[in-house]
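A look at the structure
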Amino acid sequence: MPRSSLPTRFAGLALLALVGCPGADADPSTDAPPASREAGAPAASPPDASTDEGQLPDFGLGARIDAARAVVSFRVRSPRASRLEVHLFARPRGEDERLRVALDRAADGSLWSAEVALADLEAKGIETIYYGLRAWGPNWPYVPTWTKGSLEGFVADVDDAGNRFNPNKLLYDPYALELSHDPFSPEPIDGTIYELGEGNRQKDSGAIAPKGIVLRGEPGDAAASKPTRALASDVVYEVHVRGLTMQDPSVPPALRGTYAGAALKAKYLRDLGVTAIELLPIHETQNEQNDDSPSKQNYWGYASNSFFAPDRRYAADKRPGGPTRELRSMVSAFHAEGIKVFVDVVYNHTGEGGSNHLLSWRGLDARGYYEPGEGHHFADNNGVGPNFHPRAPIARQLVMDSLAYYAHYLGVDGFRFDLAAVLGDRCESYCFIFDAGDPGGVIARAVEELPARSAEGGAGVDLIAEPWAIGLGTYQVGGFPAGWSEWNDHFRDTIRKAQNRVGVEDMAPRRVADGLGGSPSLYGARTPSSSVNFVTAHDGFTLRDLYTYGAKQNEQPPPFGPSTGGTDDNISWDQGGDPAEQTKAARTAMLLLAVSAGVPMVLGGDELSRTQRGNNNAYNLDNVATWLDWSDAEGHSAFRAFTRGVLRLRGAHPALRPTRHRDGADHDGNGLPDVALLTPSGEVASASFLDDSSRGFVALRIDGEEAGDDARSIYVAYNWSPSSRMVTLPAPSPGRRWNLAAHSELGLAAGEESSEAPVAASVLQLAARSAIVLLER
């Protein structure tokens, strides 16, 4: 949503890491049924995406079992530590370690490693290997007399270099491929057990802390061929993996809200016209308490507890290895339908909590993983917690390895980077300086190393930035380099203002045409697919609510509230309280989104007229308020059919999906410019017309033949004025005629040529606040 909402978009979420939350327990080391609840480095070569024989990728860090299945190795990077131990457990909670092994420091001074024979672990009764780390350093040197819960060797909680080593806090490995459980859950937990400070530093977290799980490399389904489409030809569907199916009666109850359940929606999305599903964060996050403590729910998941481990809550098979296998199989199911899988990733901060809270990264290298601020504090440009360090080699490499793991082993096709501007900060003195071109930074390395998919399509991944954060200098819309696309809030605000602010704010035809044309004012030096166009997204109103509510309704009682934060600048309007006008406004927005150059992104459930009853910041509601409503009680089928029609219309016409910006020239000599901007009388719009905010109208005639379209040209007209007007159509070529393909006033959308309606008249009446699409055939 608008940048003004960012400081409060996660209000209350950071507290989840600081207070205990009640819940219920189960042990994933047992043969429990799938419904149980629980369960700075050198660059590594990308793992081989073609291997499906159970061989896990090796980034030189983490825990891996050798090919002979005889030894498990542990490798951890901690340049400031003076001693590291790996503690091995037979169960994830409620008991002491059964074996502890000191790691050896390598000659480089930062890499620590140890090997343990599987036979030795089996002799200790360890079958599923759960492990954690204990670390000593300058502020807490190792002494042989130290025991768990003691203060032996303690010097300071934080030293002048910012070190926060504390051996009483069991740490999970940043490279663990799965985690056993969340820090807080299931039974009530004293949250101070993870903290430093007087009275807390000696509390031992070993029995309850999350542990890494050593995977045995069991593959999921063999990956279907990955789509190689250009992003310009994609339609993105943003949705929460849990919310997608929790209320879907077509999905078996045991699979609802899971990766396996989401896989069952692949055919539905393909039929809708979607070509890429963008999942809200699926990295492990603190959410096990969602069912039991509604006041502390974390639904969206923008606070990762791991950059590798898929969230166990979203797996039907919660046994060790189950989430990884199930996620991999889900990706394959979408690929089988030609649908890409994008994952929303949060690398600007973590879920570790406040500055004196130790779960993993901070206890191994506080100043390497987190960006230093003044004194003992950390920089914060995300509004939730300390910035993950955008300049430190150890942090950069972790992010790159995480991306490579998801792209090359789990098979995902692209990433949407939350608050991506943080990744480009090169300021060294408690400020913010964006530098997307830093060759060692994640922004540049992702393009080169993953690599980024070409604008023409092919192998690689699609990189999408949320190009802003919090603070001076962080708003970077249009500032990312080639190889990146961006969420385009200019498009969002242009459409919303044209629909909802007529007579209140100026809206010139030139600005509307710019948005419909892929925003060349922002991305003229790049390609139209640099612009990810959206009208609604997860943080904000749904499409239905955007035209039903004039202000947020976040303080309502459960289940649709209360939620803290949320912007007051929604650019929304209730259309005078007229339900017919509200539905027409939603159709108009969906049509304009579908025919605009760039990459359209639809919010999951908008095609079902989903409502959150005016809640525009439902980050904390893991219930019917945010789950997609698959019922048809309020005529959802009509709007879904319209959405399907306009999305399939886009898919059928390459002229609506240009890979370069249109410039008004005739590039193929057929007598038509690639685009002409027209007035209601059918004349080419003058500069004065395009800059006149009183006009309330613009039409585009797009050359279809130049793009290899089966339509000679496509006519898109949008009347955002409060009155209907007569529109003169440009004359079709001899032997051709205009066919009506979409009409937001009438609710017509022909996804196939057979459904188009011939237009005999040369002058049409275009209703107020509506849009039409005609095809010259």
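Residues numbered from 1 in each chain as written. Predicted model: local features only at pLDDT ≥ 70, side-chain atom pairs only at ≥ 80, totals over all residues. Heavy atoms only, no water.

This brings us to the overall build of the protein. Broken down by element type, the protein carries 15 helices and 25 strands. In summary, the protein has a C-alpha radius of gyration of 27 Å against a globular reference of 28 Å for 777 residues, a match within 12%. (Helix = DSSP H or I, 4+ residues; strand = E, 2+ residues; numbered from the N terminus. Rg over C-alpha atoms; globule rule 2.2 N^0.38 Å.)

Overall, the coordinates contain one disulfide when judged by the stated rule. Here Cys427 engages in a disulfide with Cys431; their sulfurs sit 1.7 Å apart. Note on the Cys427 and Cys431 pair: the S-S dihedral is about 95 degrees, so by sign convention the disulfide is right-handed. Using a relative accessible area of 3% as the deciding quantity, one classes Cys427 as buried. (Disulfide = S-S within 2.5 Å. Buried < 20%, exposed > 50% of the residue type's maximum accessible area, 1.4 Å probe, protein only.)

Right, let's get into the sheet that holds strand β16 (residues 599–603). Strands sit in the order β9-β10-β11-β12-β13-β14-β15-β16 around a closed barrel of eight strands; the barrel is parallel. Ignoring strand direction, the axes of neighbouring strands in this sheet form an average angle of 25 degrees. Bridge count between strand β9 (residues 236–239) and strand β10 (residues 276–279): four bridges; the pairing is parallel. When the sheet's bridge partners are listed, Tyr237 is paired in β10 with Ile277. Where helix α13 (residues 579–595) meets the sheet, its contacts fall on β15 (531–534) and β16, and the angle it forms with β16 comes to roughly 150 degrees. (Pairing = 2+ DSSP bridges. Axes fitted to C-alpha atoms, helices over the stretch in contact; angles between N-to-C directions. Contact = heavy atoms within 4.5 Å.)

Right, let's talk about the packing of aromatic side chains for a bit. Under the counting rule described, the total for this entry stands at 32 aromatic pairs. Pairing Tyr259 with Tyr314 gives two aromatic rings, centres 6.2 Å apart and planes at 85 degrees, and the pair type is edge-to-face. Of this pair, Tyr259 sits in helix α3 (residues 259–263) while Tyr314 sits in the loop between β10 and α5 (322–336); the two residues are 55 residues apart in sequence, bridging distant segments of the chain. Between the NZ or CZ atom of Arg83 and the centre of the ring of Trp136, over which it lies, the distance is 5.8 Å. (Phe/Tyr/Trp six-rings, centres within 6.5 Å; stacked < 30°, edge-to-face > 60°. Lys NZ or Arg CZ within 6 Å of the ring centre and 35° of its normal.)

Turning our eyes to something else, we now look at the pairing of strand β13 (residues 462–465). Along any regular strand, the residues point their side chains to alternate faces of the sheet. Burial along β13 is two-sided: the face carrying Asp462 and Ile464 and the face carrying Leu463 and Ala465 are both buried. Sheet topology note: the strand β12 (residues 414–417)/β13 ladder contains four bridges and is parallel. Along β13, the bridge assignment pairs Phe415 with Leu463. Regarding the hand of the β-α-β motif, the stretch spanning β12, helix α8 (residues 442–449) and β13 is right-handed. (Right-handed = clockwise from strand over helix to strand, strands pointing away.)

This brings us to helix α7 (residues 393–409). Since the α-helix turns once every 3.6 residues, residues separated by three or four places project in the same direction. Along its 17 residues, α7 runs 23 Å from first to last C-alpha, staying within 8% of the 24 Å computed at 1.5 Å per residue. When you tally the buried positions in α7, you get 16 out of 17 residues, the bulk of the element. A positive backbone phi angle near 90 degrees is found at Gly411, which sits one or two residues after α7. (Expected span 1.5 Å × (residues − 1).)

Leu88, Met330, Phe415, Phe417, Leu463 and Tyr715 are the most contacted members of the largest nonpolar core, which totals 199 residues. Top contributing element to this core by residue count: α7, with eleven residues. In this structure Leu88 touches Phe74, Glu97, Arg98, Leu99, Val101, Leu121, Ile126, Ile129, Tyr130 and Tyr131, once residues within four positions along its chain are discounted. Listed in part, the eight residues of the second largest apolar core include Met246, Leu280, Trp300 and Val346. (Core = buried A, V, L, I, M, F, W, Y, C linked by side-chain atoms within 4.5 Å.)

In this chain, Pro558 is followed by Pro559 through a cis amide linkage whose omega measures 5 degrees. Omega for the bond connecting Gly561 with Pro562 falls within 30 degrees of zero, at -10 degrees, which places this linkage in the cis form. Along the chain, Pro562 turns up in the loop between α12 (543–546) and α13. The phi dihedral of Arg69 falls on the positive side, at around 55 degrees, and the residue is not glycine. Mapping Arg69 onto the fold places it in the loop between β1 (62–65) and β2 (71–77). Among the residues examined, Arg69 registers a relative accessible area of 43% and is labelled partly exposed. One non-glycine residue, Ser519, lies in positive phi territory at about 55 degrees. Structurally, the position occupied by Ser519 is in the loop between α10 (509–516) and α11 (520–523).

Take the sheet that holds strand β7 (residues 130–136) next. Taken together, four strands build an open sheet; the order of strands is β4-β3-β7-β8 and the sheet is antiparallel. The open sheet terminates on both sides in strands that have one partner only, identified here as β4 (99–102) and β8 (212–213). Here four bridges tie strand β3 (residues 83–89) to β4, and the two strands are oriented antiparallel to one another. Directly across from Leu88, in β4, lies its bridge partner Leu99.

With that settled, the discussion passes to the pattern of salt bridges. Enumeration according to the criterion identifies 53 salt bridges in this entry. A salt bridge links Arg416 to Glu466, with the shortest nitrogen-to-oxygen separation between them at 3.2 Å. With Arg416 in strand β12 and Glu466 in the loop between β13 and β14 (484–488), this residue pair connects regions lying 50 residues apart in the sequence. For the pair Arg416 and Glu466, one class covers both residues: buried. Arg453 is the salt-bridge partner of Asp462, the closest N and O atoms lying 3.1 Å from each other. In this pair, the class of Asp462 matches that of Arg453, namely buried. (Salt bridge = Lys/Arg side-chain N within 4 Å of Asp/Glu carboxyl O.)

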